[in-house]
Amino acid sequence: MTDARFPEDPEALLNEIWRRLEAGVASASHAFHTAALATADGGGPDARTVVLRRAEPGLRRICCHTDLRSRKVEQLGRQSAAAWIFYDPEERVQLRARGPVTLHADDDLAQAQWEASQPGSRRCYLSAGGPGSALDAPGSGLPESLLDRRPSEAESAPGRVHFAVLACDLTELDWLALDSRGHRRARFRWDDGAWQHAWITP
């Protein structure tokens, strides 16, 4: 059956996957703009929603931002592999992706991503405590002076010390197109310098 979401040519399907990832970076309204990022440690699996900030097909790389004080940074320091899940409810397509993650905090990539971000997006890095730290009452942990407004460029600068980029070099992609007539699924694995594909049962 013909399905534009699922080209039968493997190269065309791989291009479609990366096209959607790049669209997720470019537009906050795209379904792939956010994803579930799963990590693991001795306590078991852990997942959270992140914003896709970079997609580079030539490097097999996707990136998100993080607070250096977050638990996922600690987890990735022990187990670098991570898994991502993207889902488009309108198109009814799911992408699962996996690969090792590298932390970038004091290099050109981190600085470029920091400079490309808006002061409003940087505000979350200005909290006194890191993500998951205890509070006496419900709240954001942000300075009181910034509760009802975005920081200026200068006010956002102190957050840079807490900012980092998580760069995942993908080694596996799993694409699923849902259909009442029968779902369709494909897997790509990076092996010997190239993507190897297989059609698999949904």
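These remarks concern the structure in this document.

About the criteria used
- Residues numbered from 1 in each chain as written.
- Predicted model: local features only at pLDDT ≥ 70, side-chain atom pairs only at ≥ 80, totals over all residues.
- Heavy atoms only, no water.
- Helix = DSSP H or I, 4+ residues; strand = E, 2+ residues; numbered from the N terminus.
- Buried < 20%, exposed > 50% of the residue type's maximum accessible area, 1.4 Å probe, protein only.
- Contact = heavy atoms within 4.5 Å.
- Areas by Shrake-Rupley, 256 points an atom, 1.4 Å probe, with all protein chains shown as cover.
- Salt bridge = Lys/Arg side-chain N within 4 Å of Asp/Glu carboxyl O.
- Pairing = 2+ DSSP bridges.
- Core = buried A, V, L, I, M, F, W, Y, C linked by side-chain atoms within 4.5 Å.
- 1 Å grid on protein atoms, 1.4 Å probe; cavity = no way out; pocket = protein on both sides within 12 Å on 5 of 7 lines; lining within 4 Å.
- Points joined across faces, edges and corners; volume = space filled by probe spheres on them.

1. Quick look at the overall build of the chain
Next, step 1: When helices and strands are counted, the chain shows five helices and 10 strands.
Next, step 2: Each principal axis of the C-alpha atoms in the chain carries an extent, and together these give about 60 × 35 × 35 Å.
Next, step 3: Residues counted as buried form 43% of the 202 residues belonging to the chain.
Next, step 4: Long-range contacts, defined here as pairs at least 24 residues apart, represent 64% of the contacts in the chain between residues at least 6 apart.
Next, step 5: Carbon and sulfur atoms make up 49% of the accessible area of the chain, which amounts to about 10900 Å² in all.

2. Observations regarding the pattern of salt bridges
Next, step 1: Enumeration according to the criterion identifies 22 salt bridges in this entry.
Next, step 2: Arg48 is the partner of Asp46 in a salt bridge, and the nearest nitrogen-oxygen pair spans 3.3 Å.
Next, step 3: Between Arg78 and Glu74 there is a salt bridge, with the nearest N and O atoms lying 3.1 Å from each other. One end of the pair, Arg78, and the other, Glu74, are both in helix H2 (residues 71-78), four residues apart, so they sit about a helical turn from each other.
Next, step 4: For Glu74, a relative accessible area of 48% gives the class partly exposed.
Next, step 5: Taken together, the salt bridges that share partners define one network made up of Asp41, Asp46, Arg48, Arg71, Glu74 and Arg78.

3. Re the pairing of strand E6 (residues 93-104)
Next, step 1: The pairing of strand E5 (residues 81-88) with E6 spans eight bridges and is antiparallel. The residue bridging Ile85 from the neighbouring strand is Arg96, located in E6.
Next, step 2: Here E5 folds back onto E6 in antiparallel fashion, the turn holding four residues, of which Arg92 has a positive phi close to 60°.
Next, step 3: Relative to strand E8 (residues 172-177), E6 runs antiparallel, the two sharing six bridges. Across the sheet, residue Ala97 finds its bridge partner in E8, namely Leu173.

4. Overview of the side chain of Asp3
Next, step 1: Here Asp3 lies in the segment before helix H1 (10-26).
Next, step 2: Classification of Asp3 by relative accessible area gives buried; the value is 13%.

5. Structural notes on the nonpolar core
Next, step 1: One finds Leu21, Ile62, Trp84, Phe86 and Leu173 to be the most contacted residues of the largest nonpolar core, which totals 31 residues.
Next, step 2: When residues in this core are grouped by element, the largest group, five residues, is from H1.
Next, step 3: Apart from residues lying up to four places away in sequence, Trp84 is in contact with Ala35, Ala36, Leu37, Val50, Leu52, Ile62, Cys63, Cys64, Leu95, Arg96, Ala97 and Cys168.
Next, step 4: Counting eight residues, the second largest nonpolar core, distinct from the first, contains Leu109, Trp114, Phe163 and Val165.

6. Observations regarding the layout of surface pockets
Next, step 1: Taken as a whole, the largest pocket encloses approximately 460 Å³ of empty space.
Next, step 2: As for the largest pocket, its lining consists of 28 residues, and the residues nearest its centre are Thr66, Asp67, Cys124, Tyr125 and Pro131.
Next, step 3: For the lining of the largest pocket, the secondary-structure elements that each account for two or more residues are strand E2 (44-51), strand E4 (61-67) and helix H4 (119-122).
Next, step 4: Per element, the largest residue contribution to the lining of the largest pocket is four residues, and it comes from E2.

7. Topic: the pairing of strand E1 (residues 34-41)
Next, step 1: Only one face of E1 is buried: it carries Ala35, Leu37, Thr39 and Asp41, and the other face, with Thr34, Ala36, Ala38 and Ala40, is open.
Next, step 2: Relative to E2, E1 is paired through eight bridges, and the arrangement is antiparallel. Bridge pairing links Leu37 to Arg48 in E2.
Next, step 3: As defined by bridge partners, E1 adjoins E5 across three bridges and the pair is classed as antiparallel. Each bridged residue has a counterpart across the sheet, and for Ala38 the counterpart in E5 is Ala83.

8. Some thoughts on unusual backbone geometry
Trans peptide bonds make up most of the peptide bonds, and negative phi angles are found at most residues other than glycine.
Next, step 1: The phi dihedral of Arg60 falls on the positive side, at around 60°, and the residue is not glycine.
Next, step 2: Of note, Arg60 is situated in the loop between strand E3 (54-56) and E4.
Next, step 3: Non-glycine residue Arg92 carries a positive phi angle of around 60°.
Next, step 4: Positionally, Arg92 belongs in the loop between E5 and E6.
Next, step 5: On the basis of relative accessible area, Arg92 is assigned to the partly exposed category, the value being 35%.

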